Amino acid sequence: MPPKPAPETDPQTTLRAGLPDRYLTPEDLIEMFSLPSIETLYTWRKTGVGPPAIRIGKYLRYDPAAVRTWVLGNTETAAA
């Protein structure tokens, strides 16, 4: 089993602490999840793996509630 991320980098800790009251940018998600590049996020979007995004003009934005739901839906629990 892989080690748990440190609390300061754990996405769930970030989400529990409260997300900003604004739509998140791709850069916000890259920082939040410590992704290697924006290409990872774009690949997630293209393959339907990542959180849902909305397009505002030419920009992608993420609803904090949708990101939180995505994280909770993808959280692995210990086998019973």
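The structure contained in this document is the topic of the report that follows. (Residues numbered from 1 in each chain as written. Predicted model: local features only at pLDDT ≥ 70, side-chain atom pairs only at ≥ 80, totals over all residues. Heavy atoms only, no water.)

### Topic: helix H4 (residues 64-73)
Rule in force here: The rule is simple: take the accessible area with a 1.4 Å probe, protein chains only, and divide by the maximum for that residue type; under 20% is buried, over 50% is exposed, in between is partly exposed. Secondary structure follows DSSP: runs of H or I at least 4 residues long count as helices, runs of E at least 2 residues long count as strands, and numbering of each begins at the N terminus. Starting at the helix axis, one direction is taken to each C-beta atom, and the arc is that of these directions. Counted as a polar contact is a pair of N or O atoms within 3.5 Å, where, for protein atoms, one must be capable of donating a hydrogen and the other of accepting one, and residues adjacent in sequence contribute only when both atoms are in side chains.
Turning to H4, its buried residues are Pro-64, Val-67, Trp-70 and Val-71. Looking straight down H4, one finds its buried side chains confined to an arc of 120°; they lie on one side. The outward face of H4, more than 90 degrees from its buried face, is lined by the exposed residues Thr-69 and Gly-73. Two or three places before Ala-65, at the opening of H4, Asp-63 has a side-chain oxygen 3.0 Å from that residue's backbone nitrogen.

### What about a nonpolar patch on the surface?
The following threshold applies: Patch definition: residues with relative accessible area over 30% and no salt bridge; like charges joined within 9 Å; nonpolar side chains (Val, Leu, Ile, Met, Phe, Trp, Tyr) joined within 5 Å. Note that accessible areas follow from Shrake-Rupley with a 1.4 Å probe, and for residues the cover is restricted to the protein chains shown. Salt-bridge detection follows one rule: a side-chain nitrogen of Lys or Arg within 4 Å of a carboxyl oxygen of Asp or Glu.
On the surface, a nonpolar cluster with roughly 270 Å² of combined accessible area is contributed by Tyr-23, Ile-54 and Ile-56. Looking at the element boundaries, Ile-54 is found in strand E1 (residues 54-56).

### Notes on the packing of aromatic side chains
The condition is simple: A pair of aromatic rings is counted whenever rings of Phe, Tyr or Trp (Trp by its six-membered ring) have centres within 6.5 Å, and the orientation is called stacked for planes under 30 degrees apart, edge-to-face for over 60 and tilted otherwise.
Tallying each qualifying case throughout the model produces 2 aromatic pairs. Judged by centre distance (5.7 Å) and plane angle (80°), the rings of Phe-33 and Trp-70 are edge-to-face. Within this pair, whereas Phe-33 is found in helix H2 (residues 26-33), its partner Trp-70 is found in helix H4, the two being separated by 37 residues in sequence. Overall, Phe-33 belongs to the buried group, its relative accessible area being 15%. Judged by its relative accessible area of 16%, Trp-70 is buried. Between Trp-44 and Trp-70, the aromatic rings sit 5.6 Å apart at their centres with planes inclined by 45°, giving tilted as the arrangement. Taken as a pair, Trp-44 in helix H3 (residues 38-47) and Trp-70 in helix H4 lie far apart in primary sequence, 26 residues in all.

Coordinates in, geometry out; function isn't part of it.
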